[in-house]
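Listed below, chain by chain, are the residues.
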Amino acid sequence: MEEAKSVTQAPPLAASYRPDAQANQYSPVLPISHLVVFYLATLGLYFIYWCYRNWKQIKTHKLYSRIRPGWRTVGLIVPIYNLILLSEQFSNIKSMAKMAKIQKTHSPGLCIIMIIVINILVVNYVGTLILGTDLSFLFILNVIPMILIQQTLNSYWRVVQPGKKERGFFSAWMIVGVLALMFEIFLLALGLLILMLIPEFNLEDEQPKKPVQNWDTFNWSRQRQEDPRANLSAKQALTLLKSKKMGDRYYASQAIIRLKARELILDLVRLLNDEDSAVRLEVINILYELKAREAIPNIILMLKDREMTVRYKAANTLVKFNYLSDRDISEVTGLLKDKNSDVRSCATSILCQLEIRAAIPDITRLLKDKEITVIQDAVDALGELDAQEAIPDIKKLLTHKNEYVRQAAQDALQQLGVPAEEIEKAKEGK
């Protein structure tokens, strides 16, 4: 039997998106000029739609196919939680790009920091509390992290869908629509300005002005220094990691990573059994940051976690480790027979992305799975692994009752170099 081989780079994912992702005649690439104009023309409201659009595109990737773009967009109105959602989105886009071997990508952490600085520190804190003036016009700076992320996403689609037609400059109808929207916003702003200038509607002079708080009262840097959580020891951080409060867990995880507390690896592995899924997610991230390869068998077990978010976090982490021992590979291969279809899909994706050709026979057996998504993932993986021995089994799927399975099978056969005439005959059952 051919031995499983390790790799130093994630393989290109030419088939990492769903077949229906190619339904549109145009590439999903969004010209940066469109992004900037739409954002400025809508006074920043386009950011919400842009996030929704990104989640829909991320959903086409097989590792993230079960996210719900609509609900995540609604979550943007929730303070703190919206930053978590944005951070996850930016990280997913970067992971997709890295899997496609795109070298130049954005930094998710830097983009989140820019958004926080622009919207909270500059506009609210510096403007209102220190200068006593309105700096809300600086919202336009939010377009900077958007541009960085969109450039990465555009590079990804150019690799995954090469040669597909991209949208050019604005069409006449798009220009008319943008101008109409800008005119409506102008009228709204003009109406509000008129109301402010009418004395009977302007009650500002009748109200006593609130004194501007001085710097010391709202000195965030000093508050952070005084916060005992900012200077935790390794043992204190481990205890605080079990907290129900997200802020506590954040300080705890950052402390462990900063201290490179590898002596806590055994304790962290025990926390993978914590009843709180948020704790389990945090622990998986810490183990990766500590480069704790000895914890890989335990992370493999998390592929069977009851929470979907934990399962996919474990899958992504195993791929990022980029190498599994023969024993680890055997354990992942065993999960191809798991009762949970999500677990089977996760295992398939990991084996494919690490180019484990020894798993081809086991993946081929999934072509008879009862779950459509598992079959699709198996077909994609076999095409990516250049599994010539699986061609007869894949041909049988060309007459499958599900159109997406048929399309996936056709794409895989083309990727494996099967002639078009042979594919057409197989479609007819010959």
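Caption draft 1: Spotlight on the overall build of the protein chain. Regarding its fold elements, the protein chain presents 21 helices and 0 strands. Counting contacts in the protein chain only where the partners sit at least 6 residues apart, residues at least 24 apart contribute 70% of the total. For the protein chain, the exposed area adds up to about 23400 Å²; of that, 58% sits on carbon and sulfur atoms.

Caption draft 2: Focus on the packing of helix 10 (residues 246–259) against helix 12 (residues 277–289). Where helix 10 meets helix 12, the closest approach of the two axes is 10 Å, and the angle between their N-to-C directions is 20 degrees. With respect to each other, helix 10 and helix 12 are oriented roughly parallel. As helix 10 packs across helix 12, the resulting crossing turns out to be right-handed. Residues R249, S253, I256 and I257 of helix 10 lie in contact with helix 12, whose contacting residues are A278, V279, E282, N285, I286 and E289.

Caption draft 3: Region of interest: the environment of A409. With respect to the helices, strands and loops of the structure, A409 is situated in helix 20 (residues 403–415). Taking the relative accessible area as the measure of exposure, A409 reaches 0% and is therefore buried. Put simply, A409 and I394 are 15 residues apart on the chain and 5.9 Å apart in space, counted from C-alpha to C-alpha. Residue contacts for A409: discarding those within four places in its chain leaves V379, I394, L397 and L398.

Caption draft 4: Molecular detail of the pattern of salt bridges. Tallied over the entire structure, the rule returns 14 salt bridges. For the salt bridge of D305 with R280, the shortest nitrogen-to-oxygen distance reads 2.8 Å. With D305 in the loop between helix 13 (296–301) and helix 14 (308–321) and R280 in helix 12, this pair connects stretches of sequence that are 25 residues apart. Here D305 and R280 have matching classes, each one buried. Across the pair D369 and R344 runs a salt bridge whose closest N-O atoms are separated by 2.9 Å. In this pair, D369 is assigned in the loop between helix 17 (360–365) and helix 18 (372–384) and R344 in helix 16 (residues 341–353), connecting sequence segments 25 residues apart. Like R344, D369 is buried.

Caption draft 5: Broad picture of the nonpolar core. Ranked by size, the top nonpolar core spans 77 residues in total, and within it I256, L268, L287, L303, I350, I363 and I394 carry the most contacts. Excluding residues within four positions of it along the chain, I394 makes contact with L367, L382, A409, A412, L413 and L416. Counting residues in hydrophobic clusters, the runner-up holds 32 residues, among them F47, I67, F90 and W157.

Reading guide: rules and limits
- Residues numbered from 1 in each chain as written.
- Predicted model: local features only at pLDDT ≥ 70, side-chain atom pairs only at ≥ 80, totals over all residues.
- Heavy atoms only, no water.
- Helix = DSSP H or I, 4+ residues; strand = E, 2+ residues; numbered from the N terminus.
- Contact = heavy atoms within 4.5 Å.
- Areas by Shrake-Rupley, 256 points an atom, 1.4 Å probe, with all protein chains shown as cover.
- Axes fitted to C-alpha atoms, helices over the stretch in contact; angles between N-to-C directions.
- Parallel < 35°, antiparallel > 145°, perpendicular 65-115°, else oblique.
- Left-handed = near helix turned anticlockwise from the far one by under 90°.
- Buried < 20%, exposed > 50% of the residue type's maximum accessible area, 1.4 Å probe, protein only.
- Salt bridge = Lys/Arg side-chain N within 4 Å of Asp/Glu carboxyl O.
- Core = buried A, V, L, I, M, F, W, Y, C linked by side-chain atoms within 4.5 Å.

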